[in-house]
Amino acid sequence: VQVVESGGGLVQPGGSLRLSCTASGFTFSSYATSWYRQAPGKERESVATITSAGISTNYADSVKGRFTISRDNAKNTVYLQMNLLKPEDTAMYYCYARRPGVDRYWGQGTQVTVSS
């Protein structure tokens, strides 16, 4: 089983990044998937969630209108498009796949730094 995030990096305020979360070793299309983030000295927080079939999404208030979560189950991948990035978006971003009553998996994270 693997959950691997990619796409992080250094970007200027107002810029964009697209994160990817690619899974293998389990039936990813049956798992709701979330992006979480954790900044130094802060608790891990949920950023965005998408249901297993991609029908429904929800977002933290802090990212609504700027971030978009989507998925391509044929590629076992969930994306997080991040626009209008702010310095306070700086954090390690984690992918979390879960199927209640069955199992849950975390990735290792990808670092996003927003700075001029």
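Residues numbered from 1 in each chain as written. Predicted model: local features only at pLDDT ≥ 70, side-chain atom pairs only at ≥ 80, totals over all residues. Heavy atoms only, no water.

To continue, consider the overall build of the chain. Scanning the chain from terminus to terminus reveals zero helices and eleven strands. Secondary structure elements of the chain occur, N-terminal to C-terminal, as β-β-β-β-β-β-β-β-β-β-β. Its C-alpha atoms give the chain a radius of gyration of 13 Å, within 12% of the compact-globule value 13 Å for 116 residues. For the C-alpha atoms alone, the extent of the chain along its principal axes is close to 40 × 25 × 25 Å. Looking at the chain residue by residue over its 116 residues, the buried ones come to 41%. Contacts in the chain between residues at least 24 apart in sequence constitute 53% of all its contacts with a sequence separation of at least 6. Considering the chain, the positive charge centre built from 12 side chains and the negative charge centre built from 8 side chains are found 4 Å apart. (Helix = DSSP H or I, 4+ residues; strand = E, 2+ residues; numbered from the N terminus. Rg over C-alpha atoms; globule rule 2.2 N^0.38 Å. Buried < 20%, exposed > 50% of the residue type's maximum accessible area, 1.4 Å probe, protein only. Contact = heavy atoms within 4.5 Å. Lys, Arg positive; Asp, Glu negative; His and termini not counted. Charge placed at Lys NZ, Arg CZ, Asp CG, Glu CD.)

Going through the model one piece at a time under the given rule, you end up with one disulfide. A sulfur-sulfur distance of 2.0 Å marks the disulfide that ties Cys21 to Cys95. Disulfide Cys21-Cys95: torsion about the S-S bond near -75°, hence left-handed. Pair noted here: Cys21 is in strand S3 (residues 17-24) and Cys95 is in strand S9 (residues 91-99), with a separation of 74 residues, a long-range link. (Disulfide = S-S within 2.5 Å.)

Turning our attention to the packing of aromatic side chains. In this description, a pair of aromatic rings is defined by centroid distance and the angle of the planes. All told, the structure shown has eight aromatic pairs when counted by the stated rule. Measuring from centroid to centroid gives 4.8 Å for Phe26 and Tyr31, while their planes differ by 70°, and the two rings are edge-to-face. Each member of the pair, Phe26 as well as Tyr31, is classed as buried. Considering the side-chain rings of Tyr96 and Trp106, the 4.3 Å spacing of their centres and the 20° angle between planes classify their relative orientation as stacked. Taken together, the residues span a long stretch of sequence, with Tyr96 in strand S9 and Trp106 in strand S10 (residues 103-106) at a distance of ten residues. Residue Trp106 is classed as partly exposed on the basis of its relative accessible area, which comes to 35%. (Phe/Tyr/Trp six-rings, centres within 6.5 Å; stacked < 30°, edge-to-face > 60°.)

Moving on to the nonpolar core. Nonpolar side chains in soluble globular proteins tend to end up buried together. Judged by nonpolar contacts, the single largest core of 29 residues is most densely connected at Phe26, Trp35, Val47, Phe67, Leu80, Met82 and Tyr93. Counting residues per element, the ones that place at least two in this core are S3, strand S5 (45-50), strand S7 (67-72), strand S8 (77-82), S9 and strand S11 (110-114). Look past the residues within four positions of Val47 in its chain and what remains in contact with it is Trp35, Tyr36, Arg37, Asn58, Tyr59, Ala60, Val63, Phe67, Leu80 and Tyr93. (Core = buried A, V, L, I, M, F, W, Y, C linked by side-chain atoms within 4.5 Å.)

Right, let's get into the sheet that holds S3. Taken in spatial order, the four strands make up an open sheet running S1-S3-S8-S7, and their pairing is antiparallel. On the outer flanks of this sheet lie strand S1 (2-6) and S7, each paired with one strand and no other. Adjacent strand axes in the sheet meet at a mean angle of 15° when their direction is disregarded. Relative to S8, S7 is paired through six bridges, and the arrangement is antiparallel. If you follow Thr68 over to S8, its bridge partner there is Gln81. (Pairing = 2+ DSSP bridges. Axes fitted to C-alpha atoms, helices over the stretch in contact; angles between N-to-C directions.)

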